[in-house]
Amino acid sequence: MKKRLLSISVFIIYCAILIKVMVFKDMPTIRIGQLMLNFSGTNAGHGPNFVPFKTILPYLLGHKGLIIAGVNLIGNIALLVPIGFLVPCIYPNLKWKSLLIIAIIAGFCIELPQVALGVGIFDIDDIILNALGLMIGYWTFLIVAQWVRLKNYKAIIAATILIIVVCVTILYAIYPKEQPINFRKNATNINSDNKDVMLQGDDPCNGTGGTGQIIEVGDSSLNIRRNDGVVQTVKFTNGTTIKNSMGLVSKADLKIGNRVTLVIDEAETASFILVCNLR
């Protein structure tokens, strides 16, 4: 009974974390070298996907880059693995067919609130990946339970160490000690020629210079000269998240000469624009 209560407690806590991250997308920007990954914006430019494997296959074929593919595929799978492990801890007699139904329902419970709240779009492939992650957790539980019955403690210890290392690595990547954005130190506002001028704090692009430099700004698009010299037109919408080192800013704060880091989709619509401090 104590083990079951502990499993229930862990299950509830993890579900709350899962809702925060996967439904509300409440997590900071992840920096991997010069790449900025932001999950808090909307999916402007994308429509709902009801065709299985329509988004999974391009990721597997590397059309969107290995890092983007890894974050989307592995992330959607890995986050549901603990649920698949905890459910049979609570209901030991649960069969795999019943758990598969639970896995599919869990996927819909993650996707549908995103649509209702306007923080994401419906993608059947996300449900497939979430269900796969939950089933992997269930199969992991069966293996561990077998090790316990056979008293294979070496395997249990090795698996525990591996899981801890993976979890610590993921947490370190998601919650770095230095915030890449939302800095407020060394930031002040001054008035020059009756115009507000913002002196930003630390460079949110970490001195990389971002994706490129703005050379033209329109009502719903901007042209940038990328670091490779190519001029690219990027669209933005009301759903585009725009930030600098002070936090959220508006489209009016995008100026010619600003260096920016962009997260765009295949339609070249920006879901995230980060304004660097460098010019």
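Please refer to the structure placed before this passage.
Residues numbered from 1 in each chain as written. Predicted model: local features only at pLDDT ≥ 70, side-chain atom pairs only at ≥ 80, totals over all residues. Heavy atoms only, no water.

Digging into unusual backbone geometry
With phi around 70 degrees, F53 is a residue other than glycine that occupies positive phi space. Among the secondary structure elements, F53 is positioned in the loop between β2 (35-37) and α2 (56-60). Not every positive phi belongs to a glycine, and K151 is a case in point at roughly 55 degrees. By the element assignment, K151 lies in the loop between α6 (124-149) and α7 (153-174). Taking relative accessible area as the criterion, K151 reaches 59% and is therefore assigned exposed. (Helix = DSSP H or I, 4+ residues; strand = E, 2+ residues; numbered from the N terminus. Buried < 20%, exposed > 50% of the residue type's maximum accessible area, 1.4 Å probe, protein only.)

Concerning the packing of aromatic side chains
In total, this model carries three aromatic pairs according to the counting rule given. Between F85 and F141 the ring centres are 5.7 Å apart and the planes differ by 80 degrees, which places this aromatic pair in the edge-to-face class. With a gap of 56 residues between them, F85 in helix α4 (residues 81-90) and F141 in helix α6 connect regions that are remote in the sequence. Take F85: its relative accessible area is 27%, and that puts it in the partly exposed class. By relative accessible area, F141 is classed as buried at 17%. Through successive ring pairs, a cluster of aromatic residues spans F50, F108 and F122. It is R4 that lies over the ring of Y91; its NZ or CZ is 5.3 Å from the centre. (Phe/Tyr/Trp six-rings, centres within 6.5 Å; stacked < 30°, edge-to-face > 60°. Lys NZ or Arg CZ within 6 Å of the ring centre and 35° of its normal.)

Brief notes about helix α5 (residues 96-117)
Helix length check: α5, at 22 residues, gives a terminal C-alpha distance of 32 Å against a target of 32 Å (1.5 Å per residue), a fit within 8%. Buried positions along α5 lie against α1 (2-23), α4 and α6. Trailing α5 by a residue or two, G118 shows a phi angle of about 75 degrees, which is positive. (Expected span 1.5 Å × (residues − 1). Contact = heavy atoms within 4.5 Å.)

Looking at the pairing of strand β5 (residues 212-217)
When β5 meets strand β6 (residues 221-226), the two strands line up antiparallel, connected through five bridges. Its bridge partner being in β6, Q213 is matched across the sheet by R225. Between β5 and β6, which pair antiparallel in sequence order, lie three residues. (Pairing = 2+ DSSP bridges.)

So, α4
Within the sequence span of α4, burial applies to I83, G84, L86, V87, P88 and I90. Looking at the buried residues of α4, the elements they touch are α1, α5 and α6.

Focus on the nonpolar core
Counting 16 residues, the largest nonpolar core has L18, M22, L80, I83, L99 and L134 as its most contacted members. Elements with a contribution of two residues or more to this core: α1, α4, α5 and α6. In terms of residue count, the dominant contributor to this core is α1 (five residues). Not counting residues within four places of it along the chain, the set of residues in contact with L18 comprises V23, L79, L80 and I83. In terms of nonpolar packing, the next biggest core, distinct from the first, is built from 13 residues, L222, L262, A270 and V275 among them. (Core = buried A, V, L, I, M, F, W, Y, C linked by side-chain atoms within 4.5 Å.)

Concerning the environment of N277
With respect to the helices, strands and loops of the structure, N277 is situated in the segment after β10 (269-275). Linking N277 and N244, residues 33 residues apart in sequence, is a C-alpha distance of 7.9 Å.

Considering the packing of α5 against α6
Relative orientation of the contacting elements α5 and α6 amounts to 140 degrees, with a least axis distance of 8 Å. Here α5 lies oblique to α6, going by the angle between them. In the crossing of α5 with α6, the sense of the turn from one axis to the other is right-handed. Along its contact with α5, which presents W96, L99, L100, A103, I104, A106, G107, F108, I110 and E111, the element α6 presents D126, I127, N130, A131, L134, M135 and Y138. Looking at side-chain class alone, the contact of α5 with α6 contains 13 nonpolar, two polar and two charged residues. (Axes fitted to C-alpha atoms, helices over the stretch in contact; angles between N-to-C directions. Parallel < 35°, antiparallel > 145°, perpendicular 65-115°, else oblique. Left-handed = near helix turned anticlockwise from the far one by under 90°. Nonpolar A, V, L, I, M, F, W, Y, C, P; charged D, E, K, R; others polar.)

By themselves these figures say nothing about function.
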